[in-house]
Amino acid sequence: MTAGDTGRPAPLILTCGEPAGIGPELAPRALAAGVPFVWMGDPRHLPPGTEFAEVADPTDPVPPGTLPVLRHDFAAPATPGTPDPANAQGVIDVIARAVALAMEGRAGGVVTLPISKAALRTGAGFAFPGHTEFLAHLAGGAEVVMMLASTTVEPPCRVVPATIHIALGEVPAALTPALLERTIRITRAGLIRDFGIPAPRIAVAGLNPHAGEGGAMGAEERDWIAPLCARLRAEGLAVSGPHPADTMFHAPARARYDAAVTAYHDQGLIPIKTLDFAGGVNVTLGLPFVRTSPDHGTAFDIAGRGLADPASTIAALRMAWDMAEARR
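It should be emphasised that the depicted structure is a prediction, and the values quoted were computed from it without experimental measurement. (Residues numbered from 1 in each chain as written. Predicted model: local features only at pLDDT ≥ 70, side-chain atom pairs only at ≥ 80, totals over all residues. Heavy atoms only, no water.)

Draft legend 1. Examining unusual backbone geometry more closely. The step from E154 to P155 runs through a cis peptide bond, and the omega angle for that step is -10°. Residue position: P155 is located in the loop between β6 (145-149) and β7 (158-161). The omega torsion of the bond from G241 to P242 falls at 5°, within 30 degrees of zero and hence cis. If you trace the backbone, P242 turns up in strand β9 (residues 238-243). At E213, a residue that is not glycine, the phi angle is positive and equals roughly 45°. Following the sequence through the fold, E213 ends up in the loop between β8 (201-205) and α7 (220-234). (Helix = DSSP H or I, 4+ residues; strand = E, 2+ residues; numbered from the N terminus.)

Structure (structure tokens):
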């Protein structure tokens, strides 16, 4: 993942995301990140007056303050707030093209601006639950997990939900020993490779209130989560738990671990979005390339009005660059 023989990672690719959302207006403002990147999309979708220069390769130089653009023509213009089904395939193709460049080593990583899964399903029959699953597919079926990582709070808050986009009532059946172990191992490997933490400490949340309270509020912790954590510790992994989730996320607790593995989506995402809503970054661990994303959606309600906060996109670019350097 190097640019020529400089020893530095190649520039990142910032994908356009849903052109009717806030992605196009975030792209030029993301130059404030101060790390090398190119935007991939249709220049027609950028805000009027955007200073940009088309490039043929991510490493091509552009004047300071100019947005480098890897052009990818879409079927139609974009109307802020109103997704056009004709553009759905273009959104999908940009993601695939960016991943191919990253897999070839021509990009240091991929930072994805938000997509509308509903718009992609309607316009192009998109068959994946979201970005993460599509990226794993493009990477040949890589085993991945979703991490949300803070950038403005100390100690940092990093959470990895073992189950993600499923109904809460489905979680107890979906949370199996095999899934939890896989999540812990991928998280540990990602912290070593992408965050430069040589011996990661992982805290595992219980499924039930008070981590089951000895079986009084659920048996999963007693019957298999605690034994799984003990077995991993016997292998030499720094795994603790199961912990009551309601006492895991204040500052003194976060100081005792490098990442928390939670049982389900909201158990982990509510704390990080409370602690660092604007600075949270979505990271996919387990891919053969770096991938991050701002931790927000398309925001159709404010698209095109100049109200979008670029903080999470800037944080996602900076974190991706740090990860690319860690992988060097």
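Draft legend 2. Structural context of the pairing of strand β12 (residues 291-294). Of the two faces of β12, the one carrying R291 and S293 and the one carrying T292 and P294 are both buried. Looking at chain direction, strand β11 (residues 281-285) and β12 are connected through 3 bridges and run antiparallel. Across the sheet, residue V281 finds its bridge partner in β12, namely P294. Adjacent in sequence and paired antiparallel, β11 and β12 are bridged by 5 residues, among which G286 carries a positive phi angle near 105°. (Buried < 20%, exposed > 50% of the residue type's maximum accessible area, 1.4 Å probe, protein only. Pairing = 2+ DSSP bridges.)

Draft legend 3. Representation of the packing of aromatic side chains within the structure. Inspection of the entire model under this criterion finds 3 aromatic pairs. Look at F126 and F134: their rings are 5.3 Å apart centre to centre, the planes differ by 85°, and that puts the pair in the edge-to-face class. Like F134, F126 is buried. Looking at F134, the relative accessible area reads 6%, which means it is buried. An aromatic cluster is present here, built from F126, F128 and F134 joined pairwise through their rings. (Phe/Tyr/Trp six-rings, centres within 6.5 Å; stacked < 30°, edge-to-face > 60°.)

Draft legend 4. Up close: α7. Its 15 residues place the ends of α7 20 Å apart at the C-alpha level, agreeing with the 21 Å of an ideal helix rising 1.5 Å per residue. The largest bend in α7 comes to about 25°, at A226, with the proline P227 one to four residues further on. Where α7 ends, the next residue or the one after it, G236, has phi of about 105°, a positive value. (Expected span 1.5 Å × (residues − 1). Bend = angle between axes of the 7 residues up to and from the residue.)

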